[in-house]
Amino acid sequence: MYLDIESYQRLPEAHIEKKHSQLKHIVGAYFTQTSKKFVNLPAEVVQVLAKEGDRPRNSVLNACQKAVQPELDQQFQLYWSVHLESLEAQGIGGEENGAASKIELAMKTENTSSLMQEWKRRRRARGPQPGKSQPSNQDKNDFIQELMIATRGEKPLRLRYFQKYLEQHGENDNLPLLPNDLDFWIEVQRFKDGHHAYSDQVLLKKKVEVIVDCFLDSQASTPSVQIDIPSEIAAKLIRYGENYVRDRGKDPHNPSLFDEAQHGVFREMLPYWAGFLRQFDMKKLEREPSVSKNQKLTQERLKAFLAMEEPNTVFRLPSVNPQGKSGATIITFSISDGLQWKDRLKSTSTRSSLALWLST
């Protein structure tokens, strides 16, 4: 938003149509609540924007920039310090570079993967992390095997318990979105596995949109499955996803477009997987199988259905007549009768109770 407003204000006044188009984009993208890029602004700024309508003045746009500038400054300072630490860890920087400025040093490399790891390291809590252990090669192979099984169907028992383990220790380590990394890895792998000689490109494009909307650019105010990665990495992946869907670029349908983030979340989860294996007795867990929320809800519904009294009203189903050229059998029905019966039973019960009260 900040940069788009800058671009709009730099346009010459003679470019009327271009300025109008840019302003329309700003209002629709950042000031409309249903937009994916909607920016939360202070109440007083929102009120002024509402009065301005579709053509806010420059002074109002400047107020919008001023409102978000403190947060931008804070995030940039965090990004910059992490990036410089990453450069120093790679041996880039220090006195040997002489008069080289920090900006010149930053431009010498773009190791986004290490930047993501440093970002999460800075965000997590200080002190010991009992949920993690040093992983071995066997731990890594076991983890990959479990993940690959999950890509072909439901998550194995160990993986379901591991996700609960991530929920517990992710909160303790100041990484509340850590459990979402597991689902992200699985969905990205399913997307990659969908690329073969007989792949459905329409379906794969839908898959890309789902991954972006759910894990990278969720429209929900409190996204339930979004992963925790730096905003610049998320923006890059979103751009790659748009290129994939819109067939843009030299190689738009590259199945590895999410690889960088997938490898990053794998490295983040692997120490927790090692800690999980060393703390949990899987034989005991196998004797007490895990029940998901959906399974528990289904069991409760089945129990309520079996315990339900049989209705005393005769239900008349419509006649079955094959329809369509394919000969398929189609049945249409309405729940309106059921609602009417429910209201009738309710009113009958009320009249009965009232009669009983009057008689006493």
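Please read all numbers here as calculations on a predicted model, not as lab measurements.

Undergrad: How should I be thinking about the overall build of the protein chain in this particular structure?
TA: Along the protein chain, the regular secondary structure elements total 15 helices and two strands. Across the 360 residues of the protein chain, 33% fall into the buried class. Within the protein chain, contacts between residues separated by at least 24 positions form 67% of all contacts whose residues are at least 6 apart in sequence. Accessible surface, the protein chain as shown: approximately 24200 Å² in total, 53% of it carbon and sulfur.

Undergrad: Help me understand the packing of helix H9 (residues 178-193) against helix H10 (residues 201-216), please; the structure alone is not making it clear to me.
TA: How two helices pack is summed up by the angle between their axes together with the distance between the axes. Across the interface, H9 lies against H10 with an axial gap of 10 Å and an inter-helix angle of 165°. Classed by the angle they form, the pair H9 and H10 counts as roughly antiparallel. Here H9 runs over H10; the crossing is left-handed. Residues Asn-180, Asp-183, Phe-184, Glu-187, Val-188, Arg-190 and Phe-191 of H9 form the contact with H10, whose own contacting residues are Leu-204, Lys-207, Val-208, Ile-211 and Phe-215.

Undergrad: Which parts of the structure should I look at to understand unusual backbone geometry?
TA: Unlike most non-glycine residues, Asn-174 shows phi in positive territory, near 65°. Mapped onto the elements, Asn-174 comes out in the loop between helix H8 (157-172) and H9. Under the relative-accessibility criterion, Asn-174 is labelled partly exposed at 41%. Of note in the backbone geometry, Asp-247 takes a positive phi value of approximately 60° without being a glycine. Its place among the elements puts Asp-247 in the loop between helix H11 (231-246) and helix H12 (259-279).

Undergrad: Would you take a moment to explain H11 for this structure?
TA: In an α-helix, one turn spans 3.6 residues, which is why side chains three or four residues apart end up on the same side. For H11, with 16 residues, the first-to-last C-alpha span of 22 Å sits near the 22 Å given by 1.5 Å per residue. For H11, the full list of buried residues reads Ile-233, Ala-234, Lys-236, Leu-237, Ile-238, Gly-241 and Tyr-244. A positive backbone phi angle near 60° is found at Asp-247, which sits one or two residues after H11.

Undergrad: How do you make sense of a nonpolar patch on the surface when you look at a structure like this?
TA: There is a patch of nonpolar side chains on the surface, built from Leu-302, Phe-305, Leu-306 and Met-308 and spanning about 470 Å² of accessible area. Inspection of the secondary structure assignment puts Phe-305 in helix H14 (residues 293-307).

Undergrad: Is there a simple way to think about the packing of aromatic side chains in this case?
TA: The way to describe two aromatic rings as a pair is by their centre distance and the angle between their planes. This structure, assessed with the given rule, holds 14 aromatic pairs. Relative to Phe-258, the ring of Phe-191 has its centre 5.8 Å away and its plane inclined at 70°; by these criteria the two rings are edge-to-face. Highlighted residues: Phe-191 in helix H9 and Phe-258 in the loop between H11 and H12, separated in sequence by 67 residues. For Lys-19, the ring lying beneath its charged end belongs to Tyr-8, and the centroid distance is 4.2 Å.

Undergrad: So what exactly am I meant to see when it comes to H9 here?
TA: In this model, H9 (16 residues) spans 24 Å end to end at C-alpha, consistent with the 22 Å of a helix rising 1.5 Å per residue. Among the 16 residues of H9, twelve are classified as buried, and the element is accordingly described as predominantly covered. Burial in H9 covers these residues: Leu-178, Pro-179, Asn-180, Asp-181, Leu-182, Phe-184, Trp-185, Ile-186, Glu-187, Val-188, Gln-189 and Phe-191.

Undergrad: Where do I start with the environment of Arg-267 in this structure?
TA: In this structure, Arg-267 sits in helix H12. Arg-267 sits in the partly exposed class, given a relative accessible area of 38%. Between the C-alpha atom of Arg-267 and that of Lys-140, which follows or precedes it by 127 residues, the distance is 9.6 Å.

Undergrad: Which parts of the structure should I look at to understand the pattern of salt bridges?
TA: Enumeration according to the criterion identifies eleven salt bridges in this entry. Ionic pairing is found between Lys-155 and Asp-183, a salt bridge with its closest N-O pair at 2.6 Å. Of this pair, Lys-155 sits in the loop between helix H7 (137-151) and H8 while Asp-183 sits in helix H9, and the two are 28 residues apart along the sequence. With relative accessibility at 22%, the residue Lys-155 sits in the partly exposed group. Ionic pairing is found between Arg-190 and Glu-187, a salt bridge with its closest N-O pair at 2.8 Å. On the criterion of helical spacing, the pair formed by Arg-190 and Glu-187 is a turn pair, its members being three residues apart in helix H9.

Reading the values: rules and limits
Residues numbered from 1 in each chain as written. Predicted model: local features only at pLDDT ≥ 70, side-chain atom pairs only at ≥ 80, totals over all residues. Heavy atoms only, no water. Helix = DSSP H or I, 4+ residues; strand = E, 2+ residues; numbered from the N terminus. Buried < 20%, exposed > 50% of the residue type's maximum accessible area, 1.4 Å probe, protein only. Contact = heavy atoms within 4.5 Å. Areas by Shrake-Rupley, 256 points an atom, 1.4 Å probe, with all protein chains shown as cover. Axes fitted to C-alpha atoms, helices over the stretch in contact; angles between N-to-C directions. Parallel < 35°, antiparallel > 145°, perpendicular 65-115°, else oblique. Left-handed = near helix turned anticlockwise from the far one by under 90°. Expected span 1.5 Å × (residues − 1). Patch = residues over 30% accessible without salt bridge, like charges linked within 9 Å, V, L, I, M, F, W, Y side chains within 5 Å. Salt bridge = Lys/Arg side-chain N within 4 Å of Asp/Glu carboxyl O. Phe/Tyr/Trp six-rings, centres within 6.5 Å; stacked < 30°, edge-to-face > 60°. Lys NZ or Arg CZ within 6 Å of the ring centre and 35° of its normal.

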